[in-house]
Amino acid sequence: MVCLGNICRSPLAEGILQSKVHRDKVQVDSAGTAAYHVGEFPDIRSIEVAKKYGIDLTKQQARKFTVRDFDAFDLIYAMDTSNYQNMLALARNTADGQKVRLILNEIDSEANTEVPDPYYGGTDGFDNVYKMLDEACEIIATKIEKL
Ligand code: 4NP
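Residues numbered from 1 in each chain as written. Predicted model: local features only at pLDDT ≥ 70, side-chain atom pairs only at ≥ 80, totals over all residues. Heavy atoms only, no water.

Asks: Got a minute to help me understand the overall build of the protein chain in this structure?
Replies: Each helix and strand in the protein chain was counted, giving six helices and four strands. Walking the protein chain from its N terminus toward its C terminus, one meets helices and strands in the order β-α-β-α-α-β-α-α-β-α. Its C-alpha atoms give the protein chain a radius of gyration of 14 Å, within 12% of the compact-globule value 15 Å for 147 residues. C-alpha atoms of the protein chain, sized along the principal axes, occupy 40 × 35 × 30 Å. A buried classification covers 46% of the 147 residues belonging to the protein chain. (Helix = DSSP H or I, 4+ residues; strand = E, 2+ residues; numbered from the N terminus. Rg over C-alpha atoms; globule rule 2.2 N^0.38 Å. Buried < 20%, exposed > 50% of the residue type's maximum accessible area, 1.4 Å probe, protein only.)

Here's what the structure looks like:
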């Protein structure tokens with residue numbers, strides 16, 4: 001799960017997907033394409049909205065996406081088009097690039113809808129992001145279970 005800072009959207013996506021899959025079978029992680037917040041806990045607003053739904057984000061720590069993530073993961077979900085393009089720019093070959101998807105395309109594959117960046121807004125934005133990610137992660141979890 002990848003966003004810009006790895007403190008708002010992708011920590012939520014990580015926590016939500018992790019809650020829907022078997023921990024011993026599926027490794028879920030998140031990262032940011034920028035390094036501004038490396039080492040930080042998720043934004044308190046993400047922690048609070050997740051807590052409301054019974055998901056704990058407090059063990060997470062921000063890190064930057066690296067080219068090694070293409071080797072470590074089979075599916076890489078970008079929250080928005082900018083994250084998507086930034087990761088594609090790091091892809092070493094077509095196989096790397098094909099791992100990268102826009103997360104909300106799991107809901108509507110043609111729409112290219114982005115998860116809006118809630119960082120500069122209020123808590124409503126985080127609730128909205130939670131709902132979008134929950135819907136997408138439900139679809140992803142069902143898909144992964146069939147692999
Ligand atoms: P995120 O949100 O990409 O969902 O973690 C942001 C966090 C920090 C910044 C931008 C977006 N920032 O500019 O510091």
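Asks: Mind showing me how you'd approach the packing of aromatic side chains here?
Replies: Centre distance and the angle of the planes are the two values used to describe a pair of aromatic rings. Tallying each qualifying case throughout the model produces three aromatic pairs. Note on Tyr53 and Tyr130: the rings are 4.0 Å apart at their centroids and 10° apart in plane angle, and the pair reads as stacked. With Tyr53 in the loop between α2 (44-52) and α3 (69-72) and Tyr130 in helix α6 (residues 123-145), the pair connects residues that are 77 residues apart, well separated along the chain. Judged by relative accessible area, Tyr53 falls into the partly exposed class, the value being 36%. (Phe/Tyr/Trp six-rings, centres within 6.5 Å; stacked < 30°, edge-to-face > 60°.)

Asks: Just to check I follow, could you spell out the packing of α2 against α6 for this structure?
Replies: For any two helices packed against each other, one specifies the crossing angle of their axes together with the interaxial distance. At their nearest, the axes of α2 and α6 sit 10 Å apart, and the two run at 55° to each other. With respect to their mutual orientation, α2 and α6 come out oblique. The chirality of how α2 crosses α6 is right-handed. Here Arg45, Ser46, Val49, Ala50 and Lys52 of α2 come into contact with α6, specifically with Thr123, Phe126, Asp127 and Tyr130. (Axes fitted to C-alpha atoms, helices over the stretch in contact; angles between N-to-C directions. Parallel < 35°, antiparallel > 145°, perpendicular 65-115°, else oblique. Left-handed = near helix turned anticlockwise from the far one by under 90°. Contact = heavy atoms within 4.5 Å.)

Asks: Mind showing me how you'd approach the environment of Lys52 here?
Replies: Its location among the elements puts Lys52 in helix α2. Overall, the relative accessible area of 56% leaves Lys52 in the exposed class. Separated by 19 residues in the primary sequence, Lys52 and Thr33 have C-alpha atoms spaced 27 Å apart.

Remember, this is a structural readout, not a statement about activity or role.
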